[in-house]
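# Observations on chain architecture
Letter by letter, the chains look like this.
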Amino acid sequence: MNIQFGVDYYPEHWPRERWETDAAMMEEMGIRVVRMAEFSWFKLEPEKGRFTFEWLDEAIRILAAHGIETILGTPSAAPPAWIIRQDPDIQPVDREGRRRHFGGRHHDCQSNPAYREHIRRYVTAFAAHFGPNPHVIGWQIDNELGNSHAELCFCESCAERFREWLRAKYSDIETLNRRWGTDFWSQGYTCFEEIQPPRLTATGVNPSQMLDWKRFHSDLIVEFHRFQSRILHAAAPGKFITHNMMGLADTVNYYDLAEDLEFVSQDQYPVMQKTTELPRYLGSRGAAALDLIRGLKQQSFWIMEQQSSISGWGEMSRMPRPGEVKLWALQSVARGADTVVFFRWRSCLFGTEQYWHGILPHSGRPGRTWAEIRDLMQQYAPLVESLRGGMPVSEAAIVYSYDQKYAMQIQPHHPDLKYDEIWLAYYMALYRKNVPTDIIPDRADFSRYKLLIAPLQYLMTPELARKYEEYVQGGGTLVFTMRTGVKDRDNICTEEPLPGLLAELCGLHVYEYDCLRGMSAEVRWGEDIYTTELWADLITPEGAETVAAYASEYYAGVPAITCRRCGKGRVYYVGTAVSADLADRLCTELLEASGAGSILDTPEGVEAVCRQGRDGTYYFLLNHTERPQNVEVPASWKPWGEHAPMPIPPFGVNVYRTDDLFAKIT
Ligand code: GLA
Ligand code: ZN
């Protein structure tokens, strides 16, 4: 597939006469693919069973004449008003029992049987019509599944599906009662029919019920996707199906959704309406999302929507600085994107997203943004081609789990304790040192990594505990944090002293802990004092050595961070939330202990990434700051392309390559 760059295109928003101009301009830039039609239901089926596919045929034909292929979306994120009028129950119900009405998008209940029939009719006809078209190379089902559905849907159809899911999981009601701990507050059930989704209650919901609800809800969305993917694959074999995901969003367990896809895609918007952070900070957030997406299938991926200008609905983001859009797109490439599709071609004159700006402004006249993206496409297409399918090589990994995240969302302990912020504190420290890091599920093969960070292993099973132990025995360096081994997979607390099933491996017990409400704690490591927040596990070592101890409160002198050697490896336990300076210190120690490599030392805000290509290894230096930056580059790195100016200009990107096929990280 000779496709490096593309754009999201909505021809139905523009007069037919403009399409030719658009296609010619796209071709001139280097655009080789468009995604279309993911919100075009009404335009393609204005009344039941009457399909008006001709205009889309025409758009595909015009684009193809300019060497541009098409990905088509199924439109189930926006059922038209005539469907809603016919079957109003399709409109979803929130926790409080209120309907969410037509007028925006995502106004659909994904379990509703009448809705499924509308989708079946549409997708069957759509696939039969467009499947044979050689210029339609693949599909996207729905759009950003999970977006806006976090609190949807609690309707009777979803309640019934939840009960079915529970029946399949628990078989009999006694088992469910036991595993949900329904003896508390008289919550016992005599049959599955009595069970409700966790609708608005007078007081807090059973945490085991809530965890199952979140899992069920994710499974429902994955099944909703599969319902459509089966139809598409049957009607049009040989075409790929991908999905545009949203990085750290969690309504859908993306590991599960990824199983139904040939490859995953990401929607990458570094600057959103509400974003006020400094540019250099955006680099690390963007990198984390890309690494997470790459980890879903441990494969290279696509960007299906890459920010091209100001984002905004009601409010707007700042304008990306000259060079910044190109920098972000190359960051996506450096971290594993095979193709980058920009959102969107042209800013729309009407509708909710009037201010979500495209490559072209409202006027349709090419300007600075167009020229920047054109230069990017023209200069870098050969580079993207050399990297296709290649991966960054990481010796460090962070375990990311939807189950752990859900459980922490249900009971955050401290209002500021966010699952993502806890693992990101470690990720950011590794990022600052340019340590390539994979984000992986707990079912991945750990043995590939020298350093494994497993934050908030709150829910634990004997199998997973054994897997961690084998990893350490085999020579790995493993890091656990506070709130590890607290519960079983049903969200029920363990009777064993913490960290429960992992106490022996960690060589310690946590008999007491402190939730740092309205206060912080101090931790002494050697001569240095660090301030930590959120949580303090008071560690009693039983085989582990103390690395750092608290220096404040009634537990001054009690260990806060420990390390135990075990087999050929070691396991660290960090009993508190790490601040940036403590995370940096810890990472220095962890890299030494594990031997996991970093690419290069760079000034703050300059990111170094390494990705294997087909004919060598490529190194990227990405300057996320508004200042020129000097970096000392190894002599073996040969500049790729025209030049690699030093200092690297503001928002500039230097690319180098070496001949080795296997990236060496030192
Ligand atoms: C998301 C969606 C797009 C569009 C953009 C801008 O990424 O996938 O349809 O709505 O955001 O809001
Ligand atoms: Zn529903």
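Values in this document were obtained by computation on a predicted structure and should not be read as measured data.

A few words now on the overall build of the protein chain. Scanning the protein chain from terminus to terminus reveals 17 helices and 23 strands. When its C-alpha atoms are laid out on the principal axes, the protein chain stretches across 75 × 70 × 40 Å. Within the protein chain, the fraction of its 666 residues that count as buried is 61%. Long-range pairs, those at least 24 residues apart, make up 72% of the contacts in the protein chain with a sequence separation of at least 6. Taken as a whole, the protein chain presents about 25,100 Å² of accessible surface, with 51% of it coming from carbon and sulfur.

To continue, consider the layout of surface pockets. When its volume is computed, the second largest pocket comes out at roughly 560 Å³. Lining the second largest pocket we find 26 residues, and of these Y281, S284, M428, R432 and A580 sit closest to its centre. Only α10 (279–297), α14 (419–432), β15 (528–541) and β20 (606–612) provide two or more residues apiece to the lining of the second largest pocket. Along the lines of polarity and charge, the residues of the lining of the second largest pocket split into 13 nonpolar, five polar and eight charged. When residues are assigned to domains, the lining of the second largest pocket turns out to be shared by domain 1 (5–150 + 233–387) and domain 2 (396–594), each giving three or more.

It is a probe the size of a water molecule, rolled over the atoms, that shows where empty space is left. Counted under the stated rule, the structure contains three cavities of 30 Å³ or more. By volume, the largest cavity amounts to about 130 Å³. Lining the largest cavity are 16 residues, with R335, V435, P436, T437 and A608 positioned closest to its centre. Among the elements of the structure, α10, α14 and β20 are those that each provide at least two residues to the lining of the largest cavity. Across the lining of the largest cavity, the residue classes tally to ten nonpolar, three polar and three charged.

This part takes up the sheet that holds strand β6 (residues 244–245). Read from one edge of the open sheet, nine strands run β5-β4-β3-β2-β1-β9-β8-β7-β6, paired in parallel fashion. In this open sheet, the two strands that pair with only one neighbour each are β5 (240–242) and β6. Strand contacts of helix α12 (residues 368–387): β1 (5–8) and β9 (337–343), with the helix running at about 125 degrees to β1, the strand carrying the most contacts.

The next point concerns the domain arrangement of the protein chain. Domain boundaries in the protein chain define domain 1 (5–150 + 233–387), domain 2 (396–594) and domain 3 (606–658). Each of domain 1 and domain 3 was reduced to a C-alpha centroid, and the two centroids are 30 Å apart. Contacts between the two partners involve 25 residues from domain 1, matched on the other side by 19 residues from domain 3. Between domain 1 and domain 3 lies a buried interface of about 1,900 Å² when both sides are counted; carbon and sulfur atoms form 65% of it. Put simply, domain 1 and domain 3 have three salt bridges between them. For E607, the salt bridge is made with R335, and the minimal N-O distance between the two is 2.8 Å. Linking domain 1 with domain 3 are eight residue pairs in polar contact (both at pLDDT 80 or more), by the criterion used here. Elements that contribute at least two residues to the side of domain 1 that touches domain 3 include exactly α10, α11 (324–334), β9 and α12. The greatest single-element share of the side of domain 1 that touches domain 3, amounting to seven residues, is contributed by α12. Within the side of domain 1 that touches domain 3, the residues separate by chemical class into twelve nonpolar, seven polar and six charged.

A few words on the pattern of salt bridges. What the rule picks out here adds up to 50 salt bridges. Between E324 and R318 there is a salt bridge, with its nearest N and O atoms 2.7 Å apart. For R318, a relative accessible area of 26% corresponds to the partly exposed category. Residues E372 and R368 are paired through a salt bridge, measuring 3.4 Å at the closest nitrogen-oxygen approach.

Further remarks concern the coordination of the zinc ion (ligand 2). Protein ligation of the zinc ion (ligand 2) involves C109 (SG), C153 (SG), C155 (SG) and C158 (SG), the donor distances falling in the range 2.2 to 2.4 Å. Classification of the site at the zinc ion (ligand 2) as tetrahedral follows from its four donor atoms and the range of 100 to 118 degrees in their angles at the metal. We note that the donor set of the zinc ion (ligand 2) lies within a single chain, spaced as C-x43-C-x1-C-x2-C. With C109 in the loop between α4 (81–86) and α5 (113–130) and C155 in the loop between β4 (136–140) and α6 (156–170), this pair connects stretches of sequence that are 46 residues apart.

Within this structure, the stated rule accounts for 42 aromatic pairs. Aromatic ring contacts, followed pair by pair, group W41, F51, F53, Y115, Y122, F126, F130, W139 and F224 into a single cluster. Note that K467 overlies the ring of F446, its terminal NZ or CZ placed 4.1 Å from the centroid.

What counts, and where the lines are drawn
- Residues numbered from 1 in each chain as written.
- Chains lettered and ligands numbered in written order.
- Predicted model: local features only at pLDDT ≥ 70, side-chain atom pairs only at ≥ 80, totals over all residues.
- Heavy atoms only, no water.
- Helix = DSSP H or I, 4+ residues; strand = E, 2+ residues; numbered from the N terminus.
- Buried < 20%, exposed > 50% of the residue type's maximum accessible area, 1.4 Å probe, protein only.
- Contact = heavy atoms within 4.5 Å.
- Areas by Shrake-Rupley, 256 points an atom, 1.4 Å probe, with all protein chains shown as cover.
- 1 Å grid on protein atoms, 1.4 Å probe; cavity = no way out; pocket = protein on both sides within 12 Å on 5 of 7 lines; lining within 4 Å.
- Points joined across faces, edges and corners; volume = space filled by probe spheres on them.
- Nonpolar A, V, L, I, M, F, W, Y, C, P; charged D, E, K, R; others polar.
- Domains from an automatic or database assignment.
- Pairing = 2+ DSSP bridges.
- Axes fitted to C-alpha atoms, helices over the stretch in contact; angles between N-to-C directions.
- Buried area = accessible area lost by both parts, 1.4 Å probe.
- Salt bridge = Lys/Arg side-chain N within 4 Å of Asp/Glu carboxyl O.
- Polar contact = N/O pair within 3.5 Å; in protein donor to acceptor, adjacent residues only side chain to side chain.
- Donors = N, O, S within 2.8 Å, 3.2 Å for Na, K, Ca; no water.
- Tetrahedral: all angles 85-135°; square planar, octahedral: opposite > 155°, others 65-115°.
- Phe/Tyr/Trp six-rings, centres within 6.5 Å; stacked < 30°, edge-to-face > 60°.
- Lys NZ or Arg CZ within 6 Å of the ring centre and 35° of its normal.

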